Amino acid sequence: MTATTEAVAATTPVQEQLDGKSMPSLPSTPTSASSETSQALSEIFFVESSRRKHSIKIQVKLCPEGVYLRRETDQDDHINEQLIRIDDIIGSRFGPRLKKRPRGGLNSCKNPSGDATQEQEQQPDRDNSAYLYIYAYLKKEKPLRRVQTLRILRFRSSNDYAENLQTAELWHRTIREHKQRNSTTIDINGSVLGAGAVAGSVKHLLILLNPKSGSGKGRELFQKQVAPLLTEAEVQYDLQITTHPHYAKEFVRTRKDLLERYSGIVVASGDGLFYEVLNGLMERMDWRRACRNLPLGIIPCGSGNGLAKSVAHHCNEPYEPKPILHATLTCIAGRSTPMDVVRVELSSRDKHYVMYSFLSVGWGLIADIDIESERLRSIGAQRFTLWAIKRLISLRSYKGKVFYLPYPKEEKEEQQEQQETAQTAAAPQEKETQRQLPVEEQAPPSRPVSLPLNVNGDVSEESEFRDLPEDLNEESETDPDQFADALSMDRSIFRQHADSWHSAMSRRTAYYSVGGQSIRSNRSRMSVSQRIEAANAEFAELVPSGTIPGLQLPLPAADGWCCEEGEFVMVHAAYTTHLSSDCYFAPESRLNDGIIYLVIIRSGVGRHQMLNFLLSMNTGTHLPPGGDDPFIRVVPVKAFRIEPSASDGILVVDGERVDYGPIQAEVLPGLINVMTTNGQ
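Keep in mind the model is a prediction, meaning the values are calculated, not measured.

About the criteria used
- Residues numbered from 1 in each chain as written.
- Predicted model: local features only at pLDDT ≥ 70, side-chain atom pairs only at ≥ 80, totals over all residues.
- Heavy atoms only, no water.
- Helix = DSSP H or I, 4+ residues; strand = E, 2+ residues; numbered from the N terminus.
- Buried < 20%, exposed > 50% of the residue type's maximum accessible area, 1.4 Å probe, protein only.
- Areas by Shrake-Rupley, 256 points an atom, 1.4 Å probe, with all protein chains shown as cover.
- Axes fitted to C-alpha atoms, helices over the stretch in contact; angles between N-to-C directions.
- Left-handed = near helix turned anticlockwise from the far one by under 90°.
- Contact = heavy atoms within 4.5 Å.
- Nonpolar A, V, L, I, M, F, W, Y, C, P; charged D, E, K, R; others polar.
- Salt bridge = Lys/Arg side-chain N within 4 Å of Asp/Glu carboxyl O.
- Phe/Tyr/Trp six-rings, centres within 6.5 Å; stacked < 30°, edge-to-face > 60°.
- Lys NZ or Arg CZ within 6 Å of the ring centre and 35° of its normal.
- Pairing = 2+ DSSP bridges.
- Core = buried A, V, L, I, M, F, W, Y, C linked by side-chain atoms within 4.5 Å.
- Expected span 1.5 Å × (residues − 1).

A. Structural detail: the overall build of the protein. If you tally the helices and strands in the protein, you get 15 helices and 29 strands. Evaluated residue by residue, the protein yields a buried proportion of 51% over its 680 residues. When the accessible surface of the protein is split by element, carbon and sulfur atoms take 49% of a total near 32,700 Å².

B. Spotlight on the packing of helix α4 (residues 218-232) against helix α10 (residues 323-331). Packing of α4 against α10 brings their axes to within 9 Å, and their N-to-C directions diverge by 35 degrees. In this structure, α4 crosses over α10, and the sense of that crossing is right-handed. Touching L221, Q225, V226 and L229 of α4 are I324, L325, T328 and L329, all from α10. Here the contact of α4 with α10 is built from residues that sort into six nonpolar, two polar and no charged.

C. Quick look at the pattern of salt bridges. Overall, the coordinates contain 26 salt bridges when judged by the stated rule. One salt bridge in this structure joins R284 and D286, with 2.9 Å as the shortest N-O distance. According to the relative accessible area criterion, R284 is buried, its value standing at 3%. Three or more residues are tied together by salt bridges with common partners; here these are R85, D87, D88, K139, R146, E317 and R335.

D. Fine view of the packing of aromatic side chains. Applying the stated criterion across every chain, the model contains seven aromatic pairs. Judged by centre distance (6.3 Å) and plane angle (10 degrees), the ring pair of Y247 and F251 falls under stacked. Pair noted here: Y247 and F251 are both in helix α5 (residues 247-254), with a separation of four residues, about one helical turn. The same class applies to Y247 as to F251, namely buried. For the pair F274 and F358, a centre-to-centre distance of 4.8 Å together with 65 degrees between the ring planes defines the contact as edge-to-face. Placement of F274 in helix α7 (residues 271-282) and of F358 in the loop between β18 (351-357) and β19 (360-364) is noted, with a sequence separation of 84 residues between them. The class for F274 is buried, based on a relative accessible area of 1%. Since its relative accessible area comes to 1%, F358 is described here as buried. Taken together, the aromatic side chains of F45, F155 and W171 make up a single cluster linked through ring pairs. The lysine or arginine in question, K390, covers the ring of W387, its NZ or CZ lying 5.0 Å from the ring centre. Here the guanidinium or amino end of K638 rests over the ring plane of Y407, the centre of that ring lying 5.8 Å away.

E. Region of interest: helix α9 (residues 306-315). Among the 10 residues that make up α9, seven are buried, leaving the element largely enclosed by the rest of the structure. All buried positions along α9 are accounted for by G306, L307, A308, S310, V311, A312 and C315. Directly beyond the C-terminal end of α9, a positive phi value near 55 degrees is found at N316.

F. Structural detail: the pairing of strand β22 (residues 562-574). Two elements, β19 and β22, share five bridges in a ladder whose sense is antiparallel. Counted as the bridge partner of S360 is A574 from β22. Looking at chain direction, strand β20 (residues 398-406) and β22 are connected through seven bridges and run antiparallel. Within the sheet, the bridge partner assigned to Y398 lies in β22 and is F568. Two strands pair when backbone bridges link them, and β22 and strand β25 (residues 596-602) are joined in this way by six bridges, in the antiparallel orientation. Paired with V571 across the strands is I600, a residue of β25.

G. Region of the structure containing the pairing of strand β5 (residues 55-63). Two elements, β5 and strand β6 (residues 66-72), share seven bridges in a ladder whose sense is antiparallel. Across the sheet, residue C63 finds its bridge partner in β6, namely G66. Hairpin connection, β5 to β6: the antiparallel pair is bridged by two residues.

H. Spotlight on the nonpolar core. Counting residues in hydrophobic clusters, the biggest one holds 67 residues, and the most contacted among them are L208, I265, V344, W363, L598, F640 and I672. Excluding residues within four positions of it along the chain, L208 makes contact with Q240, A248, F251, V252, I265, V266, V267, A268, L273 and V277.

I. View of the environment of G66. Here G66 lies in strand β6. In this structure the C-alpha to C-alpha distance between G66 and K179, which are 113 residues apart in sequence, comes to 9.1 Å. Once residues within four sequence positions are removed from consideration, G66 is found in contact with K61, L83, I84, R85 and I86.

J. Summary view of the side chain of D368. Assignment of secondary structure puts D368 in helix α11 (residues 365-372). When residues no more than four places from it in sequence are discounted, the contact partners of D368 are S373, W387, R391, R396, Y398 and I650.

K. Molecular detail of α7. Here α7 contains 12 residues, and its C-alpha end-to-end distance of 17 Å stays within 8% of the 16 Å for a straight helix at 1.5 Å per residue. Here α7 has its buried residues at D271, L273, F274, Y275, E276, V277, L278, N279, G280, L281 and M282.

L. Region of interest: unusual backbone geometry. Residue K142 is joined to P143 through a cis peptide bond whose omega torsion reads 0 degrees. Assignment of secondary structure puts P143 in the loop between β9 (130-140) and β10 (145-155). The peptide bond linking E320 to P321 adopts the cis configuration, its omega dihedral lying at 0 degrees. Looking at where P321 falls in the secondary structure, it is placed in the loop between α9 and α10. The phi dihedral of H246 falls on the positive side, at around 70 degrees, and the residue is not glycine. With respect to the helices, strands and loops of the structure, H246 is situated in the loop between β14 (237-241) and α5.

Next comes the structure, spelled out in structure tokens:
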């Protein structure tokens, strides 16, 4: 069997194009070999080079590791071999030659002869070739970046187009199978975790997009940078456009078929929308199953992108200069990693409520700068710099008490050793699991979570949670009009794409999304009030409860609690490396280390020292080494409590202002899964 490479288009910023033409009467090449666990395909392709008098012979081999290209040439000044790793390939497509230029401005199957190209375009029926387009983003070091790569293979070993198409389809299907096997995530106990977004998956990916993010260009950013990647990766998705505050929270909380329909949730916005999704999941009756089986992803279309930067840092993936592209590649990699969630308890006046945080809790200087600079939002990111100067000139201090439960050093060292051992052992376990389990039959993730489910501190062994019956509470049902489009835009100019996401002015808020019938629970003969009481009692048992004393109770020193009282310039707790894309706040933090890094700055610190502190946050050198500084300290803790003495001030949770008053938080290790590229 012979085939030719019509064009092998290369990368950005340096573009290389190899144009080929047919080579008649060529000898046959090694045929494909397959087995149950892996399938290797091999073909010989010929490419004509304008710099040589003869064609270049290239052997292309597809195996579980990726695509090998071996160039057989007598010239020593060229690379003879190249491996496109299966992890770097996001997808492929097969069929006739694309008439339009592929994404990225690469010429599609351009013949060296211009006349031949025109003749081929005028009479496409004469070309019986089938084409395979392989889309990849190669990871490069120094500087760390992803390079867009397109490989186009032309199959024309037969005069019958159907036979050539069958060969191209075999290569396409094999690439998909290799990616599905490679996207399996193994946790530290050897259990198989959910794969998230994988090409060919029956379930869709739920994408929640805030159209007002990115200075009101959320739709445009999605169409130009996200949607093309999803198409290349063959990811089926439902796009939901948020129309009002708390839209995402209510959608996630009330959707009955969330677990049955979706393989994961991607937030295309800033950290605020991710906060809504997290708290919406935690208010579901099946919150534990949802957190375990639905990995969450983030695409930084907003202003606060701390989580997206932290995930990129964890995966050793590039972030700049194209954060949306790089984050999208992470979300479609098909792997996930456990991430800590912090349970936050607040009390203000007569209010007492609980929320769940993934980023930080702040009191003092940084919180003041973040919230008070909102009045300068029109000038962009410069507002933080200007307001920081203002606050340094008039440096405030806040009186109160700070309690914290230190994280044991021995436990931290032991955890680091376990993580290193798990990373070393993960590779053979993953390969063995890939041989034994197809993706469709993989077991649901089974990962112990350090999370008590009742007031006695006992972990429930119940693995499944059922939803409330549909007729139990009318308010819990999803109103068909509740998520209707509330945007008022002029469609007269955009009638051509009025009902499509192709138009940035589209009034549609849901795309590729058809609400399915929810499974009705068996009706009980209890009265409505009895069923409501039973459901409330069940819900009270299933929600995650804290292990530390309630906010109104004292914290005993006998349990290891430490207390600092006095005046503070700032107290800020972080559990991700970055608070924003340019704020490297907690360099030692990990996604699932179970540690809160509590930064305490006491009153009396000099303005010059505080200026250096703020200027050094983008490089992560702001924290004093060794902990010898009398004013600035960082303490790894499991939980903390802040009790302000005054009744007026600013408290922030994940960048959002909350009611001022006593607040406490504790970490829930590895409660959710976030989409990553390494699956560790």
